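# Coordinate inspection notes
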Amino acid sequence: MAEQSQSTITADRPAHAGPAEGAGPPRAGRRRIGSLELLVAGLVLLMAGRQWLAGWFTAPGVQAWATVFVAICVQAVPFLVLGTLLSAAITALVPASFLQRALPRRTALAVPAAGLAGAVLPGCECASVPVADGLMARGVAPAAALAFLLSAPAINPVVLTATAVAFPGRPEVVLARFAASLVTAVVVGWLWARFGRPEWLRPSARRERPAGEGRWTAFRGAFVHEFLHAAGFLVIGGITAATLNVVVPRQWLGHLAGLPGVSVLVLALLAVVLAVCSEADAFVAASLSTFPLAARLAFMVVGPMVDVKLVAMQAGTFGWSFAWRFSATTLTVAVAASAVAGWWLR
């Protein structure tokens, strides 16, 4: 990961930042092995050893793991493409002055404004990370960009419509999800504005578009770089989620569903592990009928904001110092907001 971060910083150096004076051209022998070379080598090894690995791949546990991993990646990639397209468009086409004028100058007001803006972008959490990174790079206050990162996958029209379909005749569930998710996004944004430190957050280094470079060239370069960077951490998160899905016994959930005061936390942690896309999590929550409604609400509120693939993507984009602090804070606030909204639903 350190190697990937270093290569990202190097690739994003401004065009005018050339080598130090007196330094000759880099020697070919110093070239490091990158992720593309490792991927090609891994594919070659798999193809060469497919006869010896065939029996291992037919094991039921491995097949279940592969099914979950592919499902996570397939449902996430379209929204990751959407997010990187929007982020690249922000980088190449939108002047920093426009974004700074669009939001209130005071961070305390910019945070709820950015949180409400998430209601108009249909996308999942995989799309929100690169978009939030692009907003910060264009001068938006980090607290406001982070509020948008949390709210966009949780309160957009697609997610709310899916929730209404999954819970027919229960509009109060849709309202409770909207309110708890928006409150979580705004509160976490305010907490970051008050207690967050600049050294915890490491936004991606982005080069500004040179005067002679066309907008299409800048857009294409930003998209390719951000997609490849984010996709690598999506794969890491998918591997983690698939492993946890296979390893954690499902019968444990049945024993925990009836424990008072524990079911909300259980389904909140389950949402972190399963890493279900926000457009589909309402149907999973509806199927968990042995749990009380408050616990299922926590599953829907926590999932779009904190899961293993999202934490991996945040760490790859902003650094681990940010990811673990931000995720822990978000999880705490989301569980508390879900518990209050669940009490109202009763």
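Residues numbered from 1 in each chain as written. Predicted model: local features only at pLDDT ≥ 70, side-chain atom pairs only at ≥ 80, totals over all residues. Heavy atoms only, no water.

A few words now on the overall build of the protein chain. The secondary structure content of the protein chain amounts to 17 helices and 0 strands. Within the protein chain, contacts between residues separated by at least 24 positions form 84% of all contacts whose residues are at least 6 apart in sequence. Roughly 17,700 Å² of accessible area belongs to the protein chain as shown, and the carbon and sulfur atoms make up 70% of that amount. (Helix = DSSP H or I, 4+ residues; strand = E, 2+ residues; numbered from the N terminus. Contact = heavy atoms within 4.5 Å. Areas by Shrake-Rupley, 256 points an atom, 1.4 Å probe, with all protein chains shown as cover.)

To continue, consider the packing of helix H15 (residues 293–302) against helix H17 (residues 320–345). With their axes 8 Å apart at the nearest point, H15 and H17 run at an angle of 145 degrees to one another. Like other packed secondary-structure pairs, H15 and H17 cross with a definite hand, here right-handed. Side by side, H15 and H17 meet where Leu 293, Ala 294, Leu 297, Ala 298, Val 301 and Val 302 of the first sit next to Leu 331, Ala 334, Val 335, Ser 338, Ala 341, Gly 342 and Leu 345 of the second. Looking at the contact of H15 with H17 residue by residue, the class counts come to 11 nonpolar, 2 polar and no charged. (Axes fitted to C-alpha atoms, helices over the stretch in contact; angles between N-to-C directions. Left-handed = near helix turned anticlockwise from the far one by under 90°. Nonpolar A, V, L, I, M, F, W, Y, C, P; charged D, E, K, R; others polar.)

This part is about the nonpolar core. Counting residues in each nonpolar core, the largest one holds 72 residues, and the members touching the most others are Leu 149, Phe 299 and Val 302. With 11 residues, helix H8 (residues 142–155) is the largest single contributor of residues to this core. (Core = buried A, V, L, I, M, F, W, Y, C linked by side-chain atoms within 4.5 Å. Buried < 20%, exposed > 50% of the residue type's maximum accessible area, 1.4 Å probe, protein only.)

This brings us to the side chain of Asn 156. Mapped onto the elements of the fold, Asn 156 is located in the loop between H8 and helix H9 (157–166). Judged by relative accessible area, Asn 156 falls into the buried class, the value being 0%. Reaching out from Asn 156, the side chain makes a polar contact with the backbone oxygen of Ala 152 at a distance of 2.8 Å. (Polar contact = N/O pair within 3.5 Å; in protein donor to acceptor, adjacent residues only side chain to side chain.)

Once that is clear, we can look at a nonpolar patch on the surface. There is a patch of nonpolar side chains on the surface, built from Leu 175, Trp 343 and Trp 344 and spanning about 410 Å² of accessible area. Position of Leu 175 relative to the elements: it lies in helix H10 (residues 171–195). (Patch = residues over 30% accessible without salt bridge, like charges linked within 9 Å, V, L, I, M, F, W, Y side chains within 5 Å. Salt bridge = Lys/Arg side-chain N within 4 Å of Asp/Glu carboxyl O.)

It is worth spelling out H15 at this point. The buried fraction of H15 is high, at 10 of 10 residues. For H15, the complete set of buried residues consists of Leu 293, Ala 294, Ala 295, Arg 296, Leu 297, Ala 298, Phe 299, Met 300, Val 301 and Val 302. Among the structural elements, H9, H10, helix H13 (263–274), helix H14 (281–287) and H17 are those in contact with the buried residues of H15.

Across the interface, H10 lies against H15 with an axial gap of 10 Å and an inter-helix angle of 50 degrees. As far as their axial angle goes, H15 and H10 are oblique. In terms of crossing hand, the pair formed by H10 and H15 is right-handed. Residues Val 173, Ala 176, Arg 177, Ala 180, Ser 181 and Thr 184 of H10 lie in contact with H15, whose contacting residues are Leu 293, Leu 297, Met 300 and Val 301. (Parallel < 35°, antiparallel > 145°, perpendicular 65-115°, else oblique.)

Another aspect to go through is the packing of aromatic side chains. All told, the structure shown has 4 aromatic pairs when counted by the stated rule. Between Phe 322 and Phe 326, the aromatic rings sit 4.8 Å apart at their centres with planes inclined by 20 degrees, giving stacked as the arrangement. In this pair, Phe 322 and Phe 326 are both assigned in helix H17, 4 residues apart and thus about one turn of the helix distant. On the basis of relative accessibility, which here comes to 2%, the residue Phe 326 falls in the buried class. One aromatic cluster in this structure is built from Trp 192, Trp 200, Phe 318, Phe 322 and Phe 326. (Phe/Tyr/Trp six-rings, centres within 6.5 Å; stacked < 30°, edge-to-face > 60°.)

It is worth spelling out the environment of Asp 307 at this point. Among the secondary structure elements, Asp 307 is positioned in the loop between H15 and helix H16 (308–318). Remark: the alpha-carbon pair of Asp 307 and Ser 327, spanning 20 residues in sequence, is separated by 8.6 Å. Looking at Asp 307, its side chain comes within polar contact range of the main-chain nitrogen of Lys 309, at 3.1 Å.

A few words on the pattern of salt bridges. Scanning all chains against the criterion turns up 2 salt bridges. One salt bridge connects Glu 172 with Arg 170, and the closest N-O pair in it is separated by 2.4 Å. Relative accessible area serves as the criterion here: at 26%, Glu 172 is assigned to the partly exposed category. For Arg 170, a relative accessible area of 32% puts it in the partly exposed group.

This brings us to the confidence of the model for the protein chain. Per-residue confidence for the protein chain averages 74 on the pLDDT scale, and 63% of its residues sit at or above 70. Of all helices and strands in the protein chain, the one with the weakest mean pLDDT is helix H1 (residues 2–11) (43), whereas H10 scores best (95). (pLDDT = per-residue confidence, 0-100.)

This part takes up the environment of Gly 115. Within the secondary structure, Gly 115 sits in helix H6 (residues 107–117). In the structure, Gly 115 is positioned 69 residues away from Thr 184 in sequence and 9.5 Å away in space, judged by C-alpha atoms.

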